[in-house]
Amino acid sequence: DYTLLSAALTSIDDASASNPYVVRIAAGVYTEPSTVLLKDYVDVEGSGQNVTTITCACASASPGAVVSAGNITAEIRHITIDNSTGTGDYAGGVFTTGVADETFSMLHITATATGGTLLSYGVFNDSSSPMMNNVTATATSGSSQNFAVYNDNSSSPTMNNVTATASGGINSYGVFNDSSSSPTMNNVTATGTGGTNHRGVVNYSSSPTMNNVTATATGGSSENWAVNNESSSSPTMNNVTATASGGNESYGVRNSSSSPTMDNVTATASGGTTNYGVRNIVSSATMNNVTATASGGI
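Not measured: the values here are computed from a predicted model.

Rules of the game
Residues numbered from 1 in each chain as written. Predicted model: local features only at pLDDT ≥ 70, side-chain atom pairs only at ≥ 80, totals over all residues. Heavy atoms only, no water. Helix = DSSP H or I, 4+ residues; strand = E, 2+ residues; numbered from the N terminus. Rg over C-alpha atoms; globule rule 2.2 N^0.38 Å. Buried < 20%, exposed > 50% of the residue type's maximum accessible area, 1.4 Å probe, protein only. Contact = heavy atoms within 4.5 Å. Areas by Shrake-Rupley, 256 points an atom, 1.4 Å probe, with all protein chains shown as cover. Pairing = 2+ DSSP bridges. 1 Å grid on protein atoms, 1.4 Å probe; cavity = no way out; pocket = protein on both sides within 12 Å on 5 of 7 lines; lining within 4 Å. Points joined across faces, edges and corners; volume = space filled by probe spheres on them. Salt bridge = Lys/Arg side-chain N within 4 Å of Asp/Glu carboxyl O. Polar contact = N/O pair within 3.5 Å; in protein donor to acceptor, adjacent residues only side chain to side chain. Core = buried A, V, L, I, M, F, W, Y, C linked by side-chain atoms within 4.5 Å. Phe/Tyr/Trp six-rings, centres within 6.5 Å; stacked < 30°, edge-to-face > 60°.

1. Some points on the overall build of the protein chain
Helix and strand counts for the protein chain stand at one helix and 23 strands. In terms of overall size, the protein chain behaves like a compact globule, its C-alpha atoms giving a radius of gyration of 19 Å where 298 residues would be expected to give roughly 19 Å. C-alpha atoms of the protein chain, sized along the principal axes, occupy 65 × 35 × 30 Å. Of all 298 residues assigned to the protein chain, the portion counted as buried reaches 52%. Look at the contacts in the protein chain between residues 6 or more apart in sequence, and 77% of them connect residues 24 or more apart. Carbon and sulfur atoms form 45% of the exposed surface of the protein chain, whose accessible area is close to 10,800 Å².

2. Thoughts on the sheet that holds strand β8 (residues 90-97)
The 10 strands are arranged β3-β6-β8-β10-β12-β14-β16-β18-β20-β22 in an open sheet whose pairing can be described as parallel. The open sheet has two free edges, formed respectively by β3 (36-37) and β22 (274-281), since each of these has just one partner strand. Note: strand β14 (residues 171-178) against strand β16 (residues 197-204), seven bridges, orientation parallel. Within the sheet, the bridge partner assigned to Y173 lies in β16 and is R199.

3. So, the layout of surface pockets
Taking a probe equal in size to a water molecule and rolling it over the atoms shows the remaining empty space. Put simply, the largest pocket is a space of about 210 Å³. Looking at the largest pocket, the residues that line it are D1, Y2, T3, L4, L5, A8, V23, R24, I25, A26 and Y30. When contributions to the lining of the largest pocket are tallied by element, the ones reaching two or more residues are α1 (5-10) and β1 (21-24).

4. Some points on the pattern of salt bridges
Where side chains of opposite charge bring their charged atoms close, a pairing between them can arise. For the structure on display, the rule yields six salt bridges. Note that R254 is salt-bridged to E230, the shortest N-O span being 3.5 Å. Placement of the pair is R254 in strand β20 (residues 249-256) and E230 in strand β18 (residues 223-230), with a sequence separation of 24 residues. Taking relative accessible area as the criterion, E230 reaches 23% and is therefore assigned partly exposed.

5. Observations regarding the side chain of R77
Within the secondary structure, R77 is located in strand β7 (residues 74-83). R77 gets classed as buried once you look at its relative accessible area, which sits at 11%. Here D43 takes part through its side chain, which lies 3.0 Å from a polar atom of the side chain of R77. Once residues within four sequence positions are removed from consideration, R77 is found in contact with V22, D43, V44, E45, G46, L107, H108 and I109.

6. Focus: unusual backbone geometry
Non-glycine residue N187 carries a positive phi angle of around 55°. Position of N187 relative to the elements: it lies in strand β15 (residues 184-193). The class of N187 is partly exposed, set by a relative accessible area of 39%.

7. Overview of the environment of G93
Examined against the element boundaries, G93 turns out to sit in strand β8. By relative accessible area, G93 is classed as buried at 0%. Here the alpha-carbon distance between G93 and C58, two residues 35 residues apart in the chain, equals 9.8 Å. Setting aside residues no more than four positions away along its own chain, G93 makes contact with A65, V66, V67, I81, T112, A113, Y121 and G122.

8. Comments concerning the nonpolar core
Core analysis: the biggest nonpolar cluster contains 57 residues, and L38 and I76 have the highest contact counts within it. Those residues in contact with I76 that sit more than four places away from it in its chain are L38, V44, V67, I81, F104, S105, M106, L107 and I109. Listed in part, the 11 residues of the second largest apolar core include F95, Y173, F176 and V202.

9. Looking at the packing of aromatic side chains
Tallied over the full model, the rule gives 10 aromatic pairs. Seen from their ring centres, Y121 and F124 are 5.3 Å apart, and the 85° between their planes marks the pair as edge-to-face. Classification of Y121 as buried rests on a relative accessible area of 0%. By relative accessible area, F124 is classed as buried at 9%. Measuring from centroid to centroid gives 4.9 Å for Y173 and F176, while their planes differ by 90°, and the two rings are edge-to-face. Across this residue pair, the class does not change: Y173 and F176 are buried. Site record: aromatic cluster; members linked through ring pairs are F95, Y121, F124, F147, Y150, Y173 and F176.

Rendered as structure tokens:
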């Protein structure tokens, strides 16, 4: 028995493919003093989301996460990860780096981060391709930027049944796919709300596959873009609902210097000064069965 996850992990020094471990955590809130580094061939299993919570006031220089995983074979499941922040630029829930071919997975995870001088993130995948199943990611109140899920530097996670919500700050992003990232997004709900500029999903120089995705951007005082494809992005969008409202600019789908394939897409913009259901700026979009609606504004 241990009082902290970090202590239990420290006690394990012989985990291997032939000798794997599971650390099981009872109901309760466990406050870690610093980022917990997960181990190869050691799964972590809580007693349920919002039943078992690992928390840490560990905002710091990047990554500032509660839990971190490198190129390991392991899973974390049935647990809430909560960054209650501290003094630092980054406040994160789960940070992964260098995960190859879904060897690390998150299953029935709630990842929450609040604050952060520069940014907050629920899940940050850096050059990393974990498996994310039934994940709820939330980022809020970062002074500058809030990312519920941030996929960066050629990350290609598989995201199944993910709810990503970001709010507050200058920029809030439900899901941000950056720098040649190409995740597979199935049954994803991505929302940006409650600050200055909001995006449901951003694809920047990235080409994800988006199946059954609901993207919403609302409440921003300036820009609300439900889906923004930019800088040579070529996502495949199947059965996507994109809704934007309010602010100076509302776009259901905005394509800038990009070439998305859009099948069965419903894009709606309303309540802004300028509203576009779909706007193509120096872009060549393939659009099949697309419903685009704009209303209100000037």
